[in-house]
Amino acid sequence: MKFAYRFSGLLGTVYRRGNLNFTRDGSCLISPVGNRISLFDLKNNKCETFPLATRHNIVCVGLSPDGRLAILVDEEGAALLVSLIGKSVIHQFHFHKPVHSVSFSPDGKRFVITKDNVALLYYAPGKRREFNAFVLDKTYYGPYDETTCIDWTDDSKCFAIGSKDMSTWVFGAERWANLIYYSLGGHKDIIVACFFEEDSLDLYTVSRDGALCVWQCDTELDGLKPMPPKEARQKNRVKDDDGFLEEPKGEEIHGKANPNEQEIREKVKYTRVAKYFFNKEGDFNNLTSAAYHKKTHLLVTGFASGIFHLHELPDFNLIHSLSISDQRIASISINSSGDWIAFGCSGLGQLLVWEWQSESYVLKQQGHFNSMVSLAYSPDGQYIVTGGEDGKVKVWNTSSSFCFVTFTDHSSGVTAVTFTSSGYVILSASLDGTVRAFDLHRYRNFRTFTSPRPSQFSCLAVDSSGEIVSAGSQDSFEIFIWSMQSGRLLDVLSGHEGPISSLSFNPMKCVLASGSWDKTVKLWDMLDSWRTKETLMLNSDVLVVAFRPDGKELAVASLNGQITFWDHENAVQVGSIEGRHDLQMGRKELDKITAKQSAKGKSFTTLCYSADGQSILAGGLSKFVCIYNVKEQILMKKFEISCNFSLDAMEEYLDRRKMTEFGSMALIDEGAGDEDGVAIPLPGVKTGDMSSRHFKPEIRVTCLRFSPTGRSWAATTTEGLLIYSLDSGLIFDPFELDIDVTPSNIRKKLHQKEYTMAIVMALKLNEKKLIQEVIEAIPGNEVDVVCSSLPDLYVEKVLEFLASAFEISCHLEFYLIWAHKLLMLHGQKLKTRSQKLLPMIQFLQKSIQRHFEDVSKLCEWNIYNIKYALAISQQRGMKRVAETSVDEDDLESSDSDYLMQEVHSDNFSS
């Protein structure tokens, strides 16, 4: 098995903190999720997480006007220059202090970042290669407190910054003769946002207490006069107290809040023409975020209560007001057309896109509020279900990465989730003492299984037929068995002397394995009245059990860090892996012992066999996921699931700089009262109280599952739901290659119409594009002959190629003919190797099923339209028939009257 698994997606987390950005065309939204960024394609209903990460959580994102570059800045001030086209890191830079905001100029030539009370103007990276992509141009001083926001004029001549000292400063990007700096007051609270009017120096400023000031400038943008050229100041490197070299400060501009009359003579002047107040509806309902669309003059403001307002400026007319959450709105963004408004709520991890004109949601996504605990793949690998400590069960589409249904029936944390073999029923166990079954057709909870006396369920399993449901209790040490059909409790299995930690049904036989903290694994025979078939004794508490897909082997992870493999038929141990050292624990900030020492008491808490059963995935309280070869019992690869140092237990060694004579600096809560981080206020306490305390979530892997297709595996972690997929495009992996197998020879055979030879040679070279070229060049009437003459060894490889081709190709019917012919001609031979080929067949089924659902929806819609058109035409036809019959009746009556008159006249003449 090849281990070319690469990070391919992050599900379960749609927004953490930081600012949202729409792309240039307005159809895609970029959202920071922890230390990564996700791109939401709103038109094609897809989400993609970029395969790059910062070392801490991202706090601000700056997007270039052409949509090609982005600057990501994390909590510590480290920045990444990212190509949005290549999805790769171009340059790394460190600003040495936390950055509050970053913004590109509209012409894309410069960008401004704000840190502390300083604004730094940099030259934007160009299209040519440069040694240093970030070149400092000017440093602006003026505010006395930290800066909060930035906005540019449309012609990139000036920019404005807001500050926590309740002032707003307008600076010239160049040294204009009549505008170098200008300070604006008028507010009584922190400036949340400032906006220039379109093609003007007129300004709007919004503060946290819900006040809006309208400032009018006496000069137009064209009226800015360039300053006479002066000698360029020498830029020297300045050493700080620690001896480190800082970046050159460039030209320094020092602003004064109260300049004298001589300094303001013949300068630009601002006048406050209006001041408006928002209806906040409460003393603690502060204004938290704002966005302004210059073309439509639309101002959107978000509040701490989750309400947002839409106003039209400059008249301050209220257009719309709506409550979208019960948490503070942390970020707002408007797309280029002004139709869609994006909202990010960091408290609950919500991301919403609202179309204000039609008053409808374009996107409404929310991750799990607390940690994810468990996950399960659907049998075809199309869907993933996750359960979290917030009591929610969410179902995600693996191709779009969107959650399409959320079940909120549980009243406590969900501990386990699973699909039945049909793929249309989801089961979840919870600490609220219920096991619930959800229907994916009608999206409802149609069965609720309970125990005779209240129990907290810690694990769940369902048999291969989907008829028998079992759940283990962590307080009564019993296993409960229910019937899915009737919902009745069938049996209660007793025998364990400790909490039940894990359950697993044998996929091939009616045998249930249960692991417990009493250091035993019991095997229960369903066909023999649930009697204990075997009891496997271990040296330590059992944490998790898992059957191999063929049901012939059982893997057990225990508290001493060992993974043991058992032949459960004969109750014989066939192997073991000492995995304690492979976990490689990190050191927590408050740990008194080293990471190496603390790892001795750690173990794997989740296990999962690969689809072919040759490997096993293992994870636990660590940032690593280990994959072992079962036969050789050796470590094949370690996956580092996160490099985010905003999480706890990431450091391998203690940071001596954080240690003082009184203990660790981590004990001091510096952020108490701020809205950043994860705050846990005491009951009844409002924001700003010193009793609110923060914590760093600890990195851990709670659940691992392999996709039935064998193409990917997923892990629920502190970061979210991570998916790793096989990246076959980056690996040259030839098969039975010889000297004559070259692309030119393959095309030569194809030209000579030796199709079978050409396809075999292409499969030997194993170049995906070449295989596609050969298969698509074969005429449709030759497919039957080529499939029948194809050697058995290559049938499997062609089917595997077809499965991957279905996902991207538009030649649906052509590839369906290939798949149909291959399965009809070679089906019996493939059946003998069904266990080995099962992942590949499931991958093929998943690809075909996805197309079937798309095409069937289209066909149903077309059938409906045709029926509607026929009904309309029939109705009109009947109407016409009725009209013609009326006309004929009139004609007949007139004819009869005429005949009567004729007869009457004849009689009269006679």
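Note that the structure is a prediction, hence the values are computed from the model and not measured. (Residues numbered from 1 in each chain as written. Predicted model: local features only at pLDDT ≥ 70, side-chain atom pairs only at ≥ 80, totals over all residues. Heavy atoms only, no water.)

Asks: Can you walk me through a nonpolar patch on the surface in this structure?
Replies: On the surface, Trp861, Tyr864 and Tyr868 cluster together to form a nonpolar patch covering roughly 410 Å² of accessible area. Looking at where Tyr864 falls in the secondary structure, it is placed in helix 10 (residues 834-909). Owing to a relative accessible area of 49%, Tyr864 belongs among the partly exposed residues under this scheme. (Patch = residues over 30% accessible without salt bridge, like charges linked within 9 Å, V, L, I, M, F, W, Y side chains within 5 Å. Areas by Shrake-Rupley, 256 points an atom, 1.4 Å probe, with all protein chains shown as cover. Salt bridge = Lys/Arg side-chain N within 4 Å of Asp/Glu carboxyl O. Helix = DSSP H or I, 4+ residues; strand = E, 2+ residues; numbered from the N terminus. Buried < 20%, exposed > 50% of the residue type's maximum accessible area, 1.4 Å probe, protein only.)

Asks: Explanation requested: the sheet that holds strand 33 (residues 393-397) in the structure shown.
Replies: Within a beta sheet, neighbouring strands are joined by backbone hydrogen bonds and run either parallel or antiparallel to one another. Taken together, four strands build an open sheet; the order of strands is 31-32-33-34 and the sheet is antiparallel. On the outer flanks of this sheet lie strand 31 (372-377) and strand 34 (403-407), each paired with one strand and no other. Taking the axes of each pair of neighbouring strands and ignoring which way they run, one obtains an average angle of 20 degrees across the sheet. As defined by bridge partners, strand 33 adjoins strand 34 across four bridges and the pair is classed as antiparallel. Looking at strand 34, one finds that Lys394 is bridged to Thr406. (Pairing = 2+ DSSP bridges. Axes fitted to C-alpha atoms, helices over the stretch in contact; angles between N-to-C directions.)

Asks: Would you mind going over the pairing of strand 3 (residues 28-33) with me for this structure?
Replies: Look at any regular strand and the pattern is simple: side chains alternate between the two faces of the sheet. Where burial is concerned, most of strand 3 is hidden: six out of the six residues are buried. Burial of the side chains of strand 3 extends over both faces: Cys28, Ile30 and Pro32 are buried on one face and Leu29, Ser31 and Val33 on the other. Where strand 2 (residues 21-22) and strand 3 come together, two bridges link them in antiparallel fashion. Bridging from a neighbouring strand, Phe22 pairs with Leu29 of strand 3. Between the end of strand 2 and the start of strand 3, which pair antiparallel, lie five residues, with Gly26 showing a positive phi angle near 80 degrees. Two elements, strand 3 and strand 4 (residues 36-41), share six bridges in a ladder whose sense is antiparallel.

Asks: Help me understand the sheet that holds strand 36 (residues 425-430), please; the structure alone is not making it clear to me.
Replies: Ordered in space as 35-36-37-38, the four strands form an open sheet in which the pairing is antiparallel. This sheet does not close on itself; its edge strands, each paired only once, are strand 35 (414-419) and strand 38 (444-450). Adjacent strand axes in the sheet meet at a mean angle of 20 degrees when their direction is disregarded. Examined bridge by bridge, strand 35 and strand 36 share five bridges and lie antiparallel to one another.

Asks: Help me understand the UniProt feature "repeat: WD" (unreviewed entry) in the protein chain in this model?
Replies: The UniProt record annotates "repeat: WD" (unreviewed entry) at residues 184-216, 365-406, 407-448, 493-526 and 542-576. Secondary structure within residues 184-216 divides into 0% helix and 55% strand; the distance between the first and last C-alpha atoms comes to 11 Å. Annotated as 0% helix and 63% strand, the span residues 542-576 places its first and last C-alpha atoms 14 Å apart. (UniProt positions renumbered as here; feature names shortened; annotations may be inferred.)

Asks: Help me understand the environment of Arg6, please; the structure alone is not making it clear to me.
Replies: Tracing the backbone through its elements, the reader meets Arg6 in strand 1 (residues 5-11). Measuring from C-alpha to C-alpha, the distance between Arg6 and Leu726 comes to 6.4 Å, with 720 residues separating the pair along the chain.

Asks: Please explain unusual backbone geometry as it appears in this structure.
Replies: Excluding glycine, most residues fall at negative phi; most peptide bonds, likewise, are trans. Here the bond from Leu313 into Pro314 is cis, since omega is 5 degrees, no more than 30 degrees from zero. Position of Pro314 among the secondary structure elements: in the loop between strand 25 (307-312) and strand 26 (317-323). Phi is positive for Met166, close to 70 degrees, though the residue is something other than glycine. Looking at the secondary structure, you find Met166 in the loop between strand 15 (158-163) and strand 16 (168-172). With relative accessibility at 33%, the residue Met166 sits in the partly exposed group.

Asks: Explain the pairing of strand 28 (residues 340-345) here, please?
Replies: Counted residue by residue, strand 28 has six buried out of six residues, so it is predominantly covered. Where burial is concerned, the two faces of strand 28 agree: the one with Trp340, Ala342 and Gly344 and the one with Ile341, Phe343 and Cys345 are both buried. Two elements, strand 27 (residues 331-334) and strand 28, share four bridges in a ladder whose sense is antiparallel. Looking across to strand 28, one finds that Ile334 is bridged to Ile341. Count of turn residues in the strand 27/strand 28 antiparallel hairpin: five residues, of which Gly338 carries a positive phi of about 85 degrees. With six bridges joining them, strand 28 and strand 29 (residues 350-355) adopt antiparallel strand pairing. Across the sheet, residue Phe343 finds its bridge partner in strand 29, namely Leu352. Linking two consecutive strands that pair antiparallel, namely strand 28 and strand 29, is a turn of four residues; a positive phi of about 70 degrees is found at Gly349 within it.

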